[in-house]
Amino acid sequence: MIISRPLSKACLAGLCLGLSVSALARTPVTDMSADIRRTSFGVPHIRAADERSLGYGIGYAYAQDNLCLLANEVTTVNGERSQFFGAQALTLEQRDNLSSDMFFKWLNTPEAVDAFWQAQPPEVRDLIDGYVAGYNRQLSERTRLPADCDNASVRPITAGDLLKLTRRLLVEGGVGQFAEALVAASPPEAVVQRGATPEGFQMAAERMQRFALDRGSNAVAIGSERSQTGRAMLLANPHFPWVGGMRFYEMQLTIPGKLDVMGAALPGLPLINIGFNQHMAWTHTVDTSKHFTLYRLELDPKDPTRYLLDGQSRALDKQTVTVRVKQADGSVREQSRDIYNSVFGPIVQWPGKLDWNDRVAYSLRDANLENDRVLQQWYAMNQASSVDALQTSVNTIQGIPWVNTLAVDDQGQALYMNLSVVPYVDAAKLAACSDPRAGLEMILLDGSRSVCGWTVDPAAAQKGIYPASQLPQLRRSDYVQHSNDSAWMANPEAPLTGFSPLISQDSQPLGPRARFALQRLNQPGAISVSDLQGMVMDNRVYLAGQVMPDLLTVCEEDDRPELKALCISLKAWDQQADLDSGIGLVHFQNIMANVLEVPDVWRVPFDPADPQHTPRGLNLQQPAVLSAVREALLASAIAVKASGLSPDVTWGEIQRVGKGGRQIPIHGGPAELGVYNAMQSVPGAGGTREVVSGTSYLQTVTFDRSGPQAQGLLAFSLSSDPSARHSRDQTVAFSKKQWRPLPFSEAQIEADPAYQTVRISEKTQ
């Protein structure tokens, strides 16, 4: 089927851009045409002759599947939620609309968005232009909107909207976590700006703690030396939110002779974030590097809106941000706040943590605010034909915001890179400029001395960040792996050490997922694709192997009748987070949540010389530890009884996700317990739990003479529209552990039993 129509006159003026006048100086508008071939589960394979047409196909296909999702995110990043939904309503991230709007009005000023656009190469601009036209066309073809977004906020999008989405993505690992603290900051003794409530700050703190969990990941890259086939293999297992602006979309993008790549992309991005092409496959994991620093400002005693820098008094810059707010009677009024900035970034104020008084205030400098290379970076990665080419592009562009990269190619190489955007603060500057009482969780520098600013290295792609040559990189022919720890133990045979604490900290305890992965990878024998898939689908609870003998010992010695059922369930539990795993898993989670906080809890403490096997065992010889374990057992018994869960309930009956009016059981469990198939779920009625984040896009890739051989799943399915055909099918497949081949070649695509194709085109008048 061919669907063709002329572009509207409004869009001809600049493809519906809506940017500043300077941004409209571009190459002439040309006709656009794209083939959208869909295979099983509705996955689009988009083919076009150039970037503008490819973007057109991407935007159209994405709007077919996720129009409401993108429309909602566009409203958010434009700071317009209060205008349409009121100030007090909450975003998907549980942030009040007014704080969210003020933050995004500050972040996405017209000047910042225009500068970001000017920095983009022509190919990226064309992809964005096309995406806008494709999305808007699909929107115009709808006779009615889905119920989820049938409201006045939905409108045609602009290129500026997609840039704002990208800028939001950039600051996810930095100032984006301080939105409430930024918009609430006000000078002492001034009229206090109405900011987040104490509950709002509590939610913000919880979001910061969950960041690595909600956006964590596992990755394994196997080189030819350890591979069963003698060819490299990759496991991609990102753990991302199942809803909202970080929800992956699966697709294949093809420009014959230039680009052929398949994988997963975040909303509004016209390229692949995690995926594979004919010769290479890659994935990402959230890193532990620091992407921002705080600065303690010494204020002028005469005026708390001035600060001292090198002994000179300087005024804080004041930026007034204005938001339109819907009132109770339906009218709309403007509301403004003042945002203050020093040379080190915006002032942030967190009650009891980062207070602005008459002596000090705190600025936050986020390195990714100046990262305008991120889209160029991923597009270069999409086209890389080898690990060599991938590594060269990342070393040159330095556009990766806050993730590690692991990759393999058809030559058998395995690569790990911790090459994200990191402030250049070396150990010497840290010693001279930081407050040791603050520790290394957040870097706090002296804002009264300009010498404490980030070091500028001409070899870096951006002022004030580390050049690629000083960041961790490792190539191996056996394997590299990562599960959100530092770069240190990507491969224990070649520890990555000696870096600034802002980049990577060695000799620190590994997380239980990393220890589980190393345990599996260090077993004798070659590694197969099924071994990689089993690391996820086996649903082993690694931590159970370290402590269950001790818990059962306490059970045997404790004859309290209220613990009898609990101890029976622990003994019967299979130490997995599978659908048929028993209620012992619930008790184990409850118990460990309390026990792991106890000082000196481990019988064998962490040993930097043996990070793969320590810490382990519960230190039951210590009375305080034994008492804490006994109390935790009793607390779990009481809590589970109060929840109403029956003794024979299974994990699949407890952890679920609602799809299309039906509940789908979901396997996997908490990352902090060492479940590789990490799942974040929130409490529901009657002791049940609803999945909100975790394993998202699954991918294993290896190569043969004909190219990539890939299998995968998009755990939450392609469409976020609950009424759509493809809103739950892959979720059911994930629940059943049914990986599927990913059709990549033309022959594989056309042979797919669900193959359908349509050509869409726009013609200029």
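Rules behind the numbers
- Residues numbered from 1 in each chain as written.
- Predicted model: local features only at pLDDT ≥ 70, side-chain atom pairs only at ≥ 80, totals over all residues.
- Heavy atoms only, no water.
- Helix = DSSP H or I, 4+ residues; strand = E, 2+ residues; numbered from the N terminus.
- Contact = heavy atoms within 4.5 Å.
- Axes fitted to C-alpha atoms, helices over the stretch in contact; angles between N-to-C directions.
- Parallel < 35°, antiparallel > 145°, perpendicular 65-115°, else oblique.
- Nonpolar A, V, L, I, M, F, W, Y, C, P; charged D, E, K, R; others polar.
- Buried < 20%, exposed > 50% of the residue type's maximum accessible area, 1.4 Å probe, protein only.
- Domains from an automatic or database assignment.
- Buried area = accessible area lost by both parts, 1.4 Å probe.
- Salt bridge = Lys/Arg side-chain N within 4 Å of Asp/Glu carboxyl O.
- Phe/Tyr/Trp six-rings, centres within 6.5 Å; stacked < 30°, edge-to-face > 60°.
- Lys NZ or Arg CZ within 6 Å of the ring centre and 35° of its normal.
- Polar contact = N/O pair within 3.5 Å; in protein donor to acceptor, adjacent residues only side chain to side chain.
- Disulfide = S-S within 2.5 Å.

**Overview of the environment of Asp287**
Here Asp287 shows up in the loop between β9 (280-286) and β10 (292-300). With 201 residues separating them along the chain, Asp287 and Trp488 place their C-alpha atoms 12 Å apart. Not counting residues up to four positions away in its chain, the partners in contact with Asp287 are Trp402, Val403, Asn404, Asn418 and Ser420.

**Things to note about the packing of helix α2 (residues 51-77) against helix α7 (residues 159-170)**
Look at α2 against α7: their axes get within 9 Å of each other, and the N-to-C directions meet at 75°. The orientation of α2 relative to α7 falls into the category roughly perpendicular. The segment α2 lies against α7, with Leu70, Glu73, Val74, Thr76 and Val77 engaging Asp161, Lys164, Leu165 and Arg168. For the contact of α2 with α7, a count of residues per class yields four nonpolar, one polar and four charged.

**Some remarks on helix α13 (residues 512-521)**
For α13, a buried count of eight out of 10 residues is recorded, marking the element as mostly surrounded by other parts of the structure. Inspection of α13 places Pro512, Arg513, Ala514, Arg515, Phe516, Ala517, Leu518 and Leu521 among the buried residues, and these make up the whole buried set. The inward-facing, buried residues of α13 contact β4 (217-222), β5 (233-241), β21 (479-482), α14 (529-537), α15 (542-557) and β23 (616-618).

**A short note on the domain arrangement of the protein**
Looking at the assigned domains, one finds that the protein contains domain 1 (36-214), domain 2 (538-692) and domain 3 (708-719 + 721-762). Taken together, the contact between domain 1 and domain 3 spans 19 residues of the former and 22 residues of the latter. Interface of domain 1 and domain 3: buried area, both sides summed, is about 1900 Å²; carbon and sulfur atoms make up 56% of it. Our count for the domain 1 to domain 3 interface comes out at two salt bridges.

**Observations concerning the packing of aromatic side chains**
Here the structure, examined in full by the defined rule, presents 14 aromatic pairs. Between Phe103 and Phe104, the ring centres sit 5.1 Å apart and the planes meet at 75°, which makes this aromatic pair edge-to-face. Accessibility classification places Phe103 together with Phe104 in one group, the buried group. Centre to centre, the rings of Tyr340 and Trp356 are 5.3 Å apart; their planes meet at 80°, and the pair counts as edge-to-face. Taken together, the residues span a long stretch of sequence, with Tyr340 in strand β14 (residues 332-342) and Trp356 in the loop between β15 (345-346) and β16 (360-366) at a distance of 16 residues. Per residue, the accessibility class of Tyr340 equals that of Trp356, and both read buried. An aromatic cluster of three or more residues is present, and its members are Phe103, Phe104 and Trp106. Positioned over the ring face of Trp454 is Arg365, at 3.8 Å from the centre of the ring.

**Considering the environment of Ser581**
Mapped onto the elements of the fold, Ser581 is located in the loop between α16 (564-572) and α17 (584-595). The class for Ser581 is buried, based on a relative accessible area of 0%. At 3.0 Å, the side chain of Ser581 forms a polar contact with the side chain of Asp574.

**Thoughts on the state of the cysteines**
Per the stated rule, a full pass over the model turns up three disulfides. Disulfide pairing is shown between Cys68 and Cys149; the S-S distance is 2.1 Å. The chirality of the disulfide connecting Cys68 with Cys149 is left-handed, given an S-S dihedral of about -60°. Here the residue Cys68 occupies a position in helix α2, and Cys149 occupies one in the loop between α6 (122-141) and α7, the gap between them amounting to 81 residues. Among the residues examined, Cys149 registers a relative accessible area of 4% and is labelled buried.

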